[in-house]
Amino acid sequence: MRFLDIITTAVGNSIRSKTRTILTVVAIFIGAFTLTITSAIGTGISGYIDNQVGAFGAADVLSITKTSADAAPAGGGPAPYDPRKVTLEGGFPGDGSESAAAVLTPDDLVIIGKVTGILDVSAVQQVTPRYIEYGNRGKFELTVNPNSFLTTPDLASGSQLRADGDQNQILITTAYVGSLGFADAAAAAGQTVTIGITDHQGLMHEVQATVVGVQNETLLASGAGLNQALTDNLHRLQNTGVPESSSTGSLLATARFNPAASGQDVDAMQAALAGKGYTALTVADQIGIIQTVISGIIGVLNAFAVIALVAAGFGIINTLLMSVQERTREIGLMKAMGMGAGRIYALFSIEAVFIGFLGSVIGVLAAIGTGAIANSLLAGTVLADLQGLVVLRFAPGPVAAVIGLVMIIAFLAGTLPARRASRQNPIEALRYE
Amino acid sequence: MNTPLLAALNISRSYGRGATRFDALKGVSLKIGTGVSLAILGKSGSGKSTLMHLLALLDQPDGGALLVEGKDATELNVKQISRLRNEDFGFVFQQFFLTPNASVLENVILPLKIAGIGARERKMRGMEVLTQLELEDKARNKAIDLSGGQKQRVVIARALVNNPKVIFADEPTGNLDTVTGRLVEDLLFSLNRKDGITLVIVTHDRDLADRCDRQMFIRDGLKVTSLEKAGDAA
Ligand SMILES: Nc1ncnc2c1ncn2[C@@H]1O[C@H](COP(=O)(O)OP(=O)(O)O)[C@@H](O)[C@H]1O
Ligand SMILES: [Mg+2]
């Protein structure tokens, strides 16, 4: 029998018992649909994160924290008490909100600055302004993105913050445009806003700042960006009335290195800092953590979809076993007429693969259709603030992989019935009376 | 003397093992020359079908030897046996074994499809043989929609489509009424006479057997008598 004839016969056979084939196809459809959706979510979200990473221009920055010296023991209990640790760090208490063990002191900054490859290092000052106001159009709470120095935000209008200079600059997010009373993002650029901040004794201070631009709301960095001059001013006001010795620590420091440094150079720097008791992360490292979490979640979802597919595989086995049973005499006759066992095997295998192909293609198409609808619904509602996020992204590679995987599962499911059919004895079938 | 088309030398076949072992055929010898018509007669359960299956290479004997054109069948490989069954043998059974929802033409060309012949030639040869059996107007009908006699004619068309040397027929009229049965018989014997196709017919119908050149009776797996038609024996 010619290969093409085997295929058309197999397809014809599966169409002949319509109800059974349709039910099996539905089972496969469900698995393929789910798997396509979950993999599209994976592609969509990691694609979005990659775009965000692409927007992070500050690839030459390490964010550095102090590694807590005694990690919790492997058993998961608390770390044992170490009297030396207290004396070592006792001289540099934080302002109370910080844990003494993780505070970076000016001495630490000096040590970090001496590591080969580090150009300069500075402590990150945490400022918590109380409100922002434009003209007299009402005061609004202001969230500051403490990591804005790490990012080159995606701008809706205006320009980026200047790293140097002593003008107070702020980069507001799109969410503030309407509330503050600007007609649109373009109208906000260049205007002066008032920022309120309270000091240690609860006294309110006001600072004027220029809105240099408006940034799109993103997943990783939400909140306004402040330039160094504004941060310094706010920090000074915030710490008015704090005893001198209390303000020396900070939780986080940032260090710049040569942008031309290779991956190996960065690794060497990180290793050197680790050796001195600091944890240094690049932007990519930090995003990598998020990606690991997301791919973990996607992995679990995919596992469920694969379980559904395996269940559907048993549906194929059942369908084909019934079909072998039903066609006993037909198979016997074909063998009597000189059809080889290999061809009979191929006939049933291809029927299984065809059912798998049908179910997966319909499942994938339905998933793509559903995804398009879901994307437009989500983009208009829940995810309106995350510009550029397409939750379900159907890339040709993963979609083809889903179809391929389903067909492999279908082929494997078909082996048992196909074997049974190919081993059938023609005389047994023909003796049937 | 030229080599017979098929020869069985003391062949035996048993089913089951140990206590349940049953000797269906206990040593039967016969020769079938090209162009003859042979009837295998006997009561139900006497071993007729078993013998025919062995002769048609659908089964292997436990003892004895089977020669195809003088060559021992055990020397043939699976492919050669498949080819022989596909191209040189045609089968007609008491049951029709038609695919009910496929068309008459589809059913008839199945052996050609198995042989790997292209779609156009299949159709042409299928229609040719259907015309020969006056079934050309039924070619597109579903097999299930035919009468019993028409179905058996479709089965004969299917057996003929590969231009076989031998047709093996196991109770070909067993499922038909007398009149229709007679028509099918006429058809088989005209093929035997005109085209020289060898016939091996299993039956317990004496009238059918009487029309054959040779008759062979078996009982309990053993050959009892062998009759040659007076005219042919001379
Ligand atoms: N597969 C089998 N297993 C066991 N016994 C069988 C099998 N096939 C046939 N027989 C037995 O062999 C004997 C001969 O069978 P068969 O050749 O079909 O007889 P006939 O065609 O003359 O009616 C019968 O008694 C039958 O029951
Ligand atoms: Mg019988």
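Our structure's up above, just so we're on the same page.
Counting of residues starts from 1 at the beginning of each chain's written sequence and follows it residue by residue. Note on labels: chains are lettered from A, ligands numbered from 1, in written order. The predicted nature of this model means local features are confined to residues of pLDDT at least 70 and side-chain atom pairs, given and counted, to a pLDDT of 80 or more, with totals for whole chains, interfaces and linings taken over all residues. Heavy atoms from the whole structure form the basis of all side-chain values; hydrogens and water molecules are not counted.

Colleague: Quick rundown of the overall build of chain A? Include the residues and the values.
Modeller: Going along the chain from the N terminus, every DSSP run of H or I of four or more residues is numbered as a helix, and every run of E of two or more is numbered as a strand. A count of helical and extended segments in chain A gives 13 helices and eleven strands. Carbon together with sulfur atoms contributes 61% to the accessible area of chain A, which is approximately 21100 Å² in total. What sets the accessible areas is the Shrake-Rupley method with a 1.4 Å probe; for residues, cover comes only from the shown protein chains.

Colleague: Provide a residue-level description of the pattern of salt bridges, including the pertinent values.
Modeller: Residue and element names in this part refer to chain B. Each salt bridge in this description consists of a side-chain nitrogen of Lys or Arg and a carboxyl oxygen of Asp or Glu lying within 4 Å of one another. Under the criterion given, the structure shown has 19 salt bridges over all chains. E185 is paired through a salt bridge with R211; the nearest N and O atoms lie 3.2 Å apart. With E185 in helix 7 (residues 178–195) and R211 in the loop between helix 8 (206–210) and strand 9 (214–219), this residue pair connects regions lying 26 residues apart in the sequence. Any residue under 20% of the maximum accessible area for its type is buried, any over 50% is exposed, and the rest in between are partly exposed; the area is computed with a 1.4 Å probe on protein chains only. Judged by its relative accessible area of 2%, E185 is buried. Among the salt bridges present, the one from R211 reaches D186, with a minimum N-O distance of 2.8 Å.

Colleague: I'd like a rundown of the pairing of strand 2 (residues 22–32) of chain B, residues and numbers included.
Modeller: Residues and elements named next belong to chain B. When DSSP finds two or more bridges between two strands, those strands count as paired. Relative to strand 2, strand 1 (residues 6–15) runs antiparallel, the two sharing eight bridges. Within strand 2, the residue paired with I11 across the bridge is V28. Connecting strand 1 to the next strand, strand 2, in antiparallel fashion are six residues, including G16 with a positive phi near 75°.

Colleague: How would you sum up the sheet that holds strand 10 (residues 253–257) of chain A? Please name residues and give values.
Modeller: Residue and element names in this part refer to chain A. Strand order in the open sheet made by the four strands is 2-10-1-11, with antiparallel pairing throughout. Both edges of this open sheet fall to strand 2 (118–123) and strand 11 (278–282), since each of them pairs with a single strand only. Looking at each pair of strands side by side, their axes are set apart by 25° on average, direction ignored. When strand 1 (residues 61–66) meets strand 10, the two strands line up antiparallel, connected through four bridges. When the sheet's bridge partners are listed, I64 is paired in strand 10 with A253. The criterion used for residue contact is that any of the two residues' heavy atoms lie within 4.5 Å. The convention used is that axes are lines fitted to C-alpha atoms, helices contributing only their stretch in contact, and that angles between N-to-C directions extend from 0 to 180 degrees. Each of strand 1, strand 2, strand 10 and strand 11 is contacted by helix 4 (residues 106–113), which is oriented at about 165° to strand 2, the strand it contacts most. Each of strand 1 and strand 11 is contacted by helix 9 (residues 283–326), which is oriented at about 85° to strand 11, the strand it contacts most.

Colleague: Residue-level account of the packing of aromatic side chains, with values.
Modeller: All names here are of chain A. When the centres of two rings from Phe, Tyr and Trp lie within 6.5 Å, Trp using its six-membered ring, the rings pair. Their planes under 30 degrees apart give stacked, over 60 give edge-to-face, and anything left gives tilted. Under the definition given, this model contains six aromatic pairs over all chains. Seen in terms of ring centroids, F29 and F33 are 5.9 Å apart; in terms of plane orientation they differ by 25°. Their pairing is stacked. With a gap of four residues between them, F29 and F33 both fall in helix 2 (residues 18–55), about one helical turn apart. For F29, a relative accessible area of 25% translates into the label partly exposed.

Colleague: Can you lay out the nonpolar core for me, pointing to particular residues and giving the numbers?
Modeller: It is characteristic of soluble globular proteins that their nonpolar side chains tend to be buried jointly. To define a nonpolar core, start from buried Ala, Val, Leu, Ile, Met, Phe, Trp, Tyr and Cys residues and group those joined through side-chain atoms within 4.5 Å. Of all hydrophobic cores here, the largest spans 55 residues; its most connected members are B:L30, B:L51, B:L55, B:F89, B:F168 and B:V200. Residue contributions to this core peak at five residues, all from helix 11 (residues 341–380) of chain A. Leave out the neighbours within four places in its chain, and B:L55 touches B:L6, B:A8, B:L30, B:I32, B:I40, B:L66, B:F89, B:F168 and B:V200. One finds B:L130, B:A139, B:A209 and B:F217 within the second-largest nonpolar core, a separate group that totals 40 residues.

Colleague: Lay out a nonpolar patch on the surface in plain terms, naming residues and giving numbers.
Modeller: Only residues whose relative accessible area exceeds 30% and that form no salt bridge enter a patch; like-charged residues are grouped when within 9 Å of one another, and nonpolar side chains (Val, Leu, Ile, Met, Phe, Trp, Tyr) when within 5 Å. A contiguous nonpolar patch, built from A:I289, A:V293, A:I297 and A:L301 and spanning about 350 Å² of accessible area, is present on the exposed surface. With respect to the element layout, A:I289 can be found in helix 9.

Colleague: Before we move on, could you go through the pairing of strand 6 (residues 89–93) of chain B and cite the residues and values that matter?
Modeller: All names here are of chain B. Counting buried residues in strand 6 gives five out of five residues, a clear majority hidden from the surface. Two elements, strand 6 and strand 7 (residues 166–170), share five bridges in a ladder whose sense is parallel. In the strand pairing of strand 7, F91 is matched with F168.

Colleague: I'd like to hear about the sheet that holds strand 2 of chain B, residue by residue, with values.
Modeller: All names here are of chain B. The strand order 2-1-4-5 describes an open sheet built from four strands, whose pairing is antiparallel. Among the strands making up the open sheet, the edge pair consists of strand 2 and strand 5 (71–72). As paired elements, strand 4 (residues 63–68) and strand 5 share two bridges and run antiparallel to each other. From the neighbouring strand, L67 faces strand 5, where its bridge partner is D72. The strands touched by helix 1 (residues 48–55) are strand 1, strand 2 and strand 4; relative to strand 2, the strand with the most contacts, the crossing angle is about 55°.

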